[in-house]
Amino acid sequence: MEEEIINRVAQSSLINFDLEQYYDQSERIVVDIKDRLFNELVLKEKDFRLYVKTHDWKGYKDKNVAVYCSADAIVPTWAYMLLASALEPYAKNFVFGELSHLENHLFQKALSNIDLNDYKDQKVIIKGCGKFPVPEYAYVEITRLLNPVVSSLMYGEACSAVPIYKKTKSK
């Protein structure tokens, strides 16, 4: 007589948390001020203001934008502010910094909307692999958010989870 195979993972009380669900799939664009500098060293105010005024910012509509300068140059703060002012009506999101800063910002924004009460005293496993590039920042941030409310937190897959946190029983 064959024994029925029981899927204990499916019957467990584990909650699977997939960070990929919070991945913003909108296009990303990097704006490097280096391209607007004279000899990649000096920002000329008149030329820069003309660029900001005449550039077609509509091309940034609904896109995620990272603004920074890759050249070793002194860029006045107002230059970044001017770009932010030009991007504001069009870009979905924009940040100062490289692409990694943008990715972190997008996850910060998405994870801040989670209702932590949904995870109170639950056993949660954070999915580890997927098709989108989830930055380490997102894993650290979700750990920071969930640790105070869950009974246990794990990483990976249910069949091979790595324990991260387990609430100690108070006496």
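Computed from a predicted model, the values in this text were never measured in an experiment.

Looking at the overall build of the chain
Right, on to step 1. The helix and strand tally for the chain stands at 5 helices and 7 strands.
Right, on to step 2. Of the regular secondary structure in the chain, the N- to C-terminal order runs α-β-β-α-β-α-β-α-β-α-β-β.
Right, on to step 3. Taking 171 residues into account, the globule formula puts the C-alpha radius of gyration at 16 Å, and the chain, at 23 Å, lies well above it.
Right, on to step 4. Its C-alpha atoms give the chain principal-axis dimensions of about 85 × 45 × 25 Å.

What to know about the sheet that holds strand 4 (residues 93-96)
Right, on to step 1. The sheet built from 3 strands is open, its strands ordered 2-3-4 with parallel pairing. Two strands close off the open sheet at either side, each with one partner strand: strand 2 (28-32) and strand 4. The sheet shows a mean angle of 20° between the axes of neighbouring strands, direction not considered.
Right, on to step 2. Against the sheet, helix 3 (residues 77-87) contacts strand 2, strand 3 (64-68) and strand 4, and its axis sits at roughly 165° relative to strand 3.
Right, on to step 3. Most of the contacts of helix 4 (residues 99-111) go to strand 4, to which it runs at about 130°, and overall it touches strand 2, strand 3 and strand 4.

Let's talk about the pattern of salt bridges
Right, on to step 1. A complete count under the given rule lists 8 salt bridges for this structure.
Right, on to step 2. The salt bridge involving Lys 63 is made with Glu 27; its shortest N-O contact spans 3.9 Å. Here Lys 63, found in the loop between helix 2 (45-54) and strand 3, pairs with Glu 27, found in the loop between strand 1 (14-17) and strand 2; they are 36 residues apart in sequence, far enough to count as distant.
Right, on to step 3. Given a relative accessible area of 18%, Lys 63 falls into the buried group.
Right, on to step 4. The partly exposed category is assigned to Glu 27, whose relative accessible area is 46%.
Right, on to step 5. Linking Lys 34 and Glu 40 is a salt bridge whose minimum nitrogen-to-oxygen distance equals 4.0 Å.

What about the nonpolar core?
Most often, soluble globular proteins keep nonpolar side chains buried together rather than apart.
Right, on to step 1. Core analysis: the largest hydrophobic core is formed by 21 residues, its most contacted members being Ile 33, Phe 48, Trp 57, Val 65, Val 75 and Leu 83.
Right, on to step 2. Among the secondary structure elements, those contributing two or more residues to this core are strand 2, helix 2, strand 3 and helix 3.
Right, on to step 3. With 5 residues, the top contributor of residues to this core is helix 3.
Right, on to step 4. Apart from residues lying up to four places away in sequence, Trp 57 is in contact with Tyr 51, Val 52, Leu 83, Ala 86, Leu 87 and Tyr 90.
Right, on to step 5. Core analysis: the second largest hydrophobic core is formed by 18 residues, Phe 17, Tyr 23, Ile 114 and Val 134 among them.

Remarks on the pairing of strand 2
One face of the sheet, then the other: side chains in a regular strand alternate in exactly this way.
Right, on to step 1. The element strand 2 is extensively covered by neighbouring structure, given that 4 of its 5 residues are classed as buried.
Right, on to step 2. Examined bridge by bridge, strand 2 and strand 3 share 5 bridges and lie parallel to one another. When the bridges of strand 3 are listed, Val 31 appears paired with Val 67.

With respect to unusual backbone geometry
Right, on to step 1. The backbone of Asn 39 sits at a positive phi, close to 55°, despite the residue not being glycine.
Right, on to step 2. Structurally, the position occupied by Asn 39 is in the loop between strand 2 and helix 2.
Right, on to step 3. A positive phi is found at Glu 40, a non-glycine position, where the angle reads about 55°.

Cut-offs used in this document
- The written sequence of each chain sets the order in which its residues are numbered from 1.
- At least 70 in pLDDT is required for a residue's local features to be given in this predicted model, at least 80 for side-chain atom pairs to be given and counted, and no such filter applies to totals for whole chains, interfaces and linings, which use all residues.
- Remark: hydrogens and water are excluded; side-chain values derive from all non-hydrogen atoms of the structure.
- Runs of H or I in DSSP of at least four residues are treated as helices and runs of E of at least two as strands, each being numbered from the N terminus.
- Radius of gyration: over C-alpha atoms. The globule rule applied is 2.2 Å multiplied by the number of residues raised to the 0.38 power.
- When DSSP finds two or more bridges between a pair of strands, those strands are recorded as paired.
- A fitted line through C-alpha atoms represents every axis, and for helices the fit uses only the stretch in contact; the resulting angles, taken between N-to-C directions, go from 0 to 180 degrees.
- Here, residues are in contact when the closest pair of their heavy atoms is within 4.5 Å.
- One side-chain nitrogen of Lys or Arg within 4 Å of one carboxyl oxygen of Asp or Glu is enough to make a salt bridge.
- Note on exposure labels: buried denotes an accessible area under 20% of the residue type's maximum, exposed denotes more than 50%, and partly exposed covers the range between, all computed with a 1.4 Å probe on protein chains only.
- Here the nonpolar core consists of buried residues drawn from Ala, Val, Leu, Ile, Met, Phe, Trp, Tyr and Cys, with membership extended through side-chain atoms lying within 4.5 Å.

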